[in-house]
2 protein chains.
Amino acid sequence: MPSSAPPPEPVRVEPRLVERWLAELARHGAHGETGVWRPVYSPAWAAAQATIAGWFAESGLAVRRDAVGNVWGRLEGRTGGPAIATGSHVDSQLPGGRFDGALGVVGGLVALRTLAERYGPPRRPLEVVAFCEEEASRFPTANFWGSRAVIGRIDSEEPERTLGFDGAPIAAAMREVWLDPTRVAEARRDDLAAFIELHSEQGPILEQTGAPVGVVTGITGYRQWTVELTGTANHAGACPMDLRRDPMAGAAEIVAGVIDAAARRGRPAVTTVGRMVVAPNLRSVVPATVGFTVDARHPDPAALRSLLAAHEELIRGVAARRGLGLALRVDSDRIPCPCQPPLVAALRAAAAVVVSGGGVPELASGAVHDAQQMAAICPVAMLFVRSRGGLSHTPEEFSSLDDCVAGIETLATALRALAY
Amino acid sequence: MPSSAPPPEPVRVEPRLVERWLAELARHGAHGETGVWRPVYSPAWAAAQATIAGWFAESGLAVRRDAVGNVWGRLEGRTGGPAIATGSHVDSQLPGGRFDGALGVVGGLVALRTLAERYGPPRRPLEVVAFCEEEASRFPTANFWGSRAVIGRIDSEEPERTLGFDGAPIAAAMREVWLDPTRVAEARRDDLAAFIELHSEQGPILEQTGAPVGVVTGITGYRQWTVELTGTANHAGACPMDLRRDPMAGAAEIVAGVIDAAARRGRPAVTTVGRMVVAPNLRSVVPATVGFTVDARHPDPAALRSLLAAHEELIRGVAARRGLGLALRVDSDRIPCPCQPPLVAALRAAAAVVVSGGGVPELASGAVHDAQQMAAICPVAMLFVRSRGGLSHTPEEFSSLDDCVAGIETLATALRALAY
């Protein structure tokens, strides 16, 4: 969508439909007043996917359940060719909220249904997907199970090897919902032109800037380390400071340093130390070991590399200077995923006409998303809807109906520009 | 002992007696090859106290078990008057080593026995005590039970109110060894002229300076806080650094700051953060709360006050600047206990003639001791014996026989100067 194109006409959707479908979806696995408890392949999850398949069908889409249980709805294009897809996931944290994932599925459906009703069949095919799994809330190493199947990144042994928190393999859970785990490879797609994901922000930036919708410029990359510092346990009174090898002193210096380094770089760099374990963890004993995690993120590849290098240099430098033993382990590593500029431009242009008054912020996603996986097979982009208080992964998660509608209308307007 | 006095004659003791008694005492509650497990009022403890009482008697001392189970041995003085006492405790950490406490009891006994054999009855009475309890290893709030009884600091309800880790009161444990918990007040003494405690150093200073013995100039004072910082839990990726209220960032700044403050002040200031608890303690979540302890010590009252004030100012300042909730609780407070200069001078003069070659370091005790309690009723002093690797509160604790003998000879030489 070149910036010289005339501004698109905003595609308005029916707020009551959005409200009703979000509420009905939230009934599957309802947890308390506002939460959901919908692990992949559970009865609540299966009911949610079946309900969505029914909505797809009643909205005139061709429905298909793939080999891992992703549900696809397709609006055939007049000229054929690769499809432009949208959607998100339906599994939840335990408990999670009603918007994380669900908004992108309902929003994609409402967008396609509205476009078909109002403008007839598109030039290029449009699809909406309800991915089966994103949260890893039942199987800790299964995250992005749905989108990884679509990009062909689940190997043939993985279904039997991927164990749940209860010790049972995901293959067994698949068989319970009539999926054959030996056929996972059949979920692979190579006929998509683009993937655009609508999602709740899960952070406070849009609320802080007073905007209902934001256009995502890239999805963060990150590295997660476990740092273990080993010193010498000593009596808190009898050992002079200058003779100590105190891993707590080293840990404090490193933690303060990495957090400060990210803060000084400014948005969108973030570094978090969320976990610390001290041994023996007694008031009167200089610790023997202090272990902690460091999670550093940046959506720009070069900036991420620079942040990671600065952190590792600090960690090694402090340990060496203080004579502490250091075990530094990289637990996971994900490269940043830039959103494709033409797709970003289409979303920007759509948001500009949908959201009246006030600008549309562009922001990076600090959380990871299915779109990041989909980037392996097609260009991707994302659209965020404001989250109240930035809350996510909790029943308290909330986005107003007005904000959800603004997000869906932006999506629909952009899809029209891209596919009609 | 004015410094103009002629140097005393060194009182030599029999190393084999020291070796044998230390080894025999270590059999009561033996734990593994080199450890002891001797909680107060346990059968192992009772056997140890009975054995010591037997050694006191066979060494010609008048033996008395007091109302809390401290065992006293007395060498009557020719002129009467208040007694000069020495000794230490026989209970242990679980497990502890063979020297912590035991060395002061055996050493005091060997010193008095040697003085009596070699020089006859003293001018002033001499006593040696095996305190029943110092470590609080069975009853977490009972520490200094033996010496606190002697100074009259156990109130009448305390025996029933002081509960063990098993939930039973110390009163019940006392009855098991035929002590009447209603008579604790009878252990009080007001007829002591001085108390001198010989103890293993439990720190690395003497080893570092190459000295077998050190004279203690004061016993540390300290304050122990619990600091609880409260912020806002947030997604590690989606919340920008500038919008966080991260208690881990505040904790790291405070921990680094207090440790650095003590290090910059130099010996004998020490500050330790030994314990930290993070919630929810997850890698991908900015913590909601971080709680940690701060333990700051200094043997000089003015320097301690200054160190504590600097720490509290830093803690409050960081919490306020970062917008964190702060709960700052003082868990315990102990004022420093200077050793009495004439007693210190007597020990210094004795050490100078006992330890051939090399100086005798003077150092502060960063650990707390029975002597600190005894200071409430009489002047006190302490003598340290080198600990291998500075280790303590572990079966690895070790002081060589030569070093133990040097400490006991210094004690005996000083007691002779003071009491003969």
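Residues numbered from 1 in each chain as written. Chains lettered and ligands numbered in written order. Predicted model: local features only at pLDDT ≥ 70, side-chain atom pairs only at ≥ 80, totals over all residues. Heavy atoms only, no water.

Asker: Is there a simple way to think about the overall build of chain A in this case?
Answerer: For chain A, the count of helices and strands is 12 helices and 18 strands. The C-alpha radius of gyration computed for chain A amounts to 23 Å, which stays within 12% of the reference 22 Å derived for 420 residues, consistent with globular compactness. Along the first, second and third principal axes, the C-alpha set of chain A runs to 80 × 50 × 40 Å. Counting only contacts in chain A whose residues sit at least 6 apart along the sequence, the fraction spanning at least 24 positions is 79%. Of the roughly 15300 Å² of accessible surface on chain A, a fraction of 53% belongs to carbon and sulfur atoms. Of the side chains in chain A, 41 bear a positive and 46 a negative charge, and the two mean positions are spaced by 3 Å. (Helix = DSSP H or I, 4+ residues; strand = E, 2+ residues; numbered from the N terminus. Rg over C-alpha atoms; globule rule 2.2 N^0.38 Å. Contact = heavy atoms within 4.5 Å. Areas by Shrake-Rupley, 256 points an atom, 1.4 Å probe, with all protein chains shown as cover. Lys, Arg positive; Asp, Glu negative; His and termini not counted. Charge placed at Lys NZ, Arg CZ, Asp CG, Glu CD.)

Asker: How should unusual backbone geometry be read in this particular structure?
Answerer: Across the chain, the bulk of peptide bonds are trans and the bulk of non-glycine residues have phi less than zero. Residues and elements named next belong to chain A. Of note, the bond from R267 into P268 is cis; its omega dihedral lies within 30 degrees of zero at 0°. Along the chain, the position of P268 falls in the loop between helix 8 (247–265) and strand 11 (270–272). Backbone torsion omega between A279 and P280 reads 0°, so that peptide bond is classified as cis. Its place among the elements puts P280 in the loop between strand 12 (276–279) and strand 13 (285–286). One non-glycine residue, Y41, adopts positive backbone phi at about 65°.

Asker: Would you explain the packing of aromatic side chains in this entry?
Answerer: Describing an aromatic ring pair means giving the distance of the ring centres and the angle of the ring planes. Within the structure shown, the criterion is met by 12 aromatic pairs over all chains. With centroids separated by 5.1 Å and ring planes inclined at 20°, the aromatic side chains of W21 of chain B and W55 of chain B adopt a geometry described as stacked. With W21 of chain B in helix 1 (residues 15–27) and W55 of chain B in helix 2 (residues 43–58), the pair connects residues that are 34 residues apart, well separated along the chain. Accessibility assignment for this pair places W21 of chain B and W55 of chain B in one class, buried. Cluster of aromatic residues (ring-pair linked, three or more members): W72, F131 and F195 of chain A. Here the guanidinium or amino end of R189 of chain A rests over the ring plane of W72 of chain A, the centre of that ring lying 4.5 Å away. (Phe/Tyr/Trp six-rings, centres within 6.5 Å; stacked < 30°, edge-to-face > 60°. Buried < 20%, exposed > 50% of the residue type's maximum accessible area, 1.4 Å probe, protein only. Lys NZ or Arg CZ within 6 Å of the ring centre and 35° of its normal.)

Asker: Sorry, what's going on with the interface of chain B and chain A here?
Answerer: Contact residues are listed per partner, giving 53 residues for chain B and 53 residues for chain A. Carbon and sulfur atoms make up 60% of the surface buried where chain B meets chain A, a total of about 4200 Å² over both sides. Counting the surface chain B buries against chain A, the share from its top three residues, M241, N281 and R283 of chain B, is 17%. In this assembly, chain B and chain A are joined by four salt bridges. Applying the counting criterion to the chain B and chain A interface returns 20 residue pairs in polar contact (both at pLDDT 80 or more). Those elements giving two or more residues to the side of chain B that touches chain A turn out to be helix 7 (205–209), strand 9 (221–230), helix 8 (247–265), strand 11 (270–272), strand 12 (276–279), strand 13 (285–286) and strand 14 (289–298) of chain B. (Buried area = accessible area lost by both parts, 1.4 Å probe. Salt bridge = Lys/Arg side-chain N within 4 Å of Asp/Glu carboxyl O. Polar contact = N/O pair within 3.5 Å; in protein donor to acceptor, adjacent residues only side chain to side chain.)

Asker: What should I look at first to understand the pattern of salt bridges in this one?
Answerer: A side chain with one charge may pair with a side chain of the opposite charge, provided their charged atoms come close. Summed over all chains, the structure comprises 48 salt bridges over all chains. In this structure, R416 of chain B and E9 of chain B form a salt bridge, with 3.7 Å as the shortest nitrogen-oxygen distance. Of this pair, R416 of chain B sits in helix 12 (residues 401–419) while E9 of chain B sits in the segment before helix 1, placing them 407 residues apart in sequence. With a relative accessible area of 46%, E9 of chain B lands in the partly exposed category. Between E186 of chain B and R183 of chain B there is a salt bridge; the shortest N-O distance is 3.0 Å. For R183 of chain B, a relative accessible area of 42% gives the class partly exposed. When salt bridges with common partners are traced through the structure, they connect R74, E76, E127, R189 and D191 of chain A into a single cluster.

Asker: Can you walk me through helix 9 (residues 301–321) of chain B in this structure?
Answerer: Since the α-helix packs 3.6 residues into each turn, any two residues three or four apart lie on the same face. Residue and element names in this part refer to chain B. Between its terminal C-alpha atoms helix 9 stretches 30 Å, which fits the 30 Å expected from 21 residues at 1.5 Å a residue. Looking at helix 9, one finds that the buried residues are L304, L307, L308, H311, E312, I315, V318 and A319. Buried residues of helix 9, seen end-on, are gathered within an arc of 135° and therefore sit on one face of the element. Structural note: helix 9 exposes R305, E313, A320 and R321 on the side pointing more than 90 degrees away from its buried face. Summarising the contacts, the buried residues of helix 9 are in contact with strand 9, helix 8, strand 11, strand 14 and strand 15 (325–334). G323 sits one or two residues past helix 9 and shows a positive phi near 65°. (Expected span 1.5 Å × (residues − 1). Arc of directions from axis to C-beta.)

Asker: Teacher, can you tell me more about the relation of the copies chain B and chain A here?
Answerer: In this structure, two copies of a chain are linked by a rotation about an axis accompanied by a shift along it. Here chain B sits on chain A after a turn of 180° about the axis and a move of 0.2 Å along it, with an RMSD of 0.2 Å. On the angle and the small slide along the axis, the relation comes out as a two-fold axis. Closest to the rotation axis within chain B is the C-alpha of A252 of chain B, separated from it by 2.2 Å. A high fraction, 100%, of the interface residues of chain B reappear at the interface in chain A, so the copies pair face to face through one surface. (Least-squares fit on C-alpha atoms with pLDDT ≥ 70 in both.)

Asker: What exactly am I supposed to notice about the nonpolar core here?
Answerer: Most often, soluble globular proteins have nonpolar side chains that are buried together. Ranked by internal contacts, the top residues of the largest apolar core, which has 99 residues, are Y41, V68, W145, F195 and L415 of chain A. Tallying contributions element by element places helix 12 (residues 401–419) of chain A first for this core, with 10 residues. Core analysis: the second largest hydrophobic core is formed by 97 residues, A142, A187, A193 and C404 of chain B among them. (Core = buried A, V, L, I, M, F, W, Y, C linked by side-chain atoms within 4.5 Å.)

Asker: Please explain the environment of G214 of chain A as it appears in this structure.
Answerer: Residues and elements named next belong to chain A. In this structure, G214 sits in strand 8 (residues 213–219). Each C-alpha atom, one on G214 and one on L383, is 6.0 Å from the other, the two residues being 169 residues apart in sequence. Excluding anything up to four places from it in sequence, G214 contacts L206, V360, P361, L363, L383 and F384.

Asker: What is the right way to look at helix 3 (residues 102–119) of chain A in this model?
Answerer: All names here are of chain A. Here helix 3 is 18 residues long and its end C-alpha atoms lie 25 Å apart, about the 26 Å a rise of 1.5 Å per residue gives. Of all 18 residues in helix 3, 14 are buried, a share of seventy percent or more. Of the residues one or two after helix 3, G120 is the one with positive phi, at around 75°.

Asker: Looking at this model, I keep getting lost on the pairing of strand 8 (residues 213–219) of chain B. Mind explaining?
Answerer: Within a regular strand, the side chains alternate between the two sheet faces. Residue and element names in this part refer to chain B. The buried fraction of strand 8 is high, at six of seven residues. Bridge count for strand 8 against strand 18 (residues 380–385) is four bridges, and the pairing is antiparallel. Paired with V215 across the strands is L383, a residue of strand 18. Bridge count between strand 8 and strand 17 (residues 362–365): four bridges; the pairing is parallel. (Pairing = 2+ DSSP bridges.)

Asker: Looking at this model, I keep getting lost on the packing of helix 1 of chain B against helix 12 of chain B. Mind explaining?
Answerer: The description of two packed helices rests on the angle between their axes and on the distance between the axes. Residues and elements named next belong to chain B. Close contact between helix 1 and helix 12 brings their axes to 10 Å; oriented N to C, the two are set at 110°. If you check the angle between helix 1 and helix 12, you find them roughly perpendicular. Contacts between helix 1 and helix 12 pair P15, V18, E19 and L22 from the former with L401, C404, V405 and I408 from the latter. Residue classes in the contact of helix 1 with helix 12 are distributed as seven nonpolar, no polar and one charged. (Axes fitted to C-alpha atoms, helices over the stretch in contact; angles between N-to-C directions. Parallel < 35°, antiparallel > 145°, perpendicular 65-115°, else oblique. Nonpolar A, V, L, I, M, F, W, Y, C, P; charged D, E, K, R; others polar.)

Asker: Explain the side chain of R189 of chain A to me, please; I cannot follow it from the model alone.
Answerer: Residues and elements named next belong to chain A. Along the polypeptide, R189 turns up in the loop between helix 6 (170–176) and strand 7 (192–200). Overall, R189 belongs to the buried group, its relative accessible area being 5%. A distance of 2.6 Å separates the side chain of R189 from the side chain of E127, its partner in a polar contact. Those residues in contact with R189, other than ones at most four positions away along the chain, are R64, W72, R74, E127, V150 and I377.

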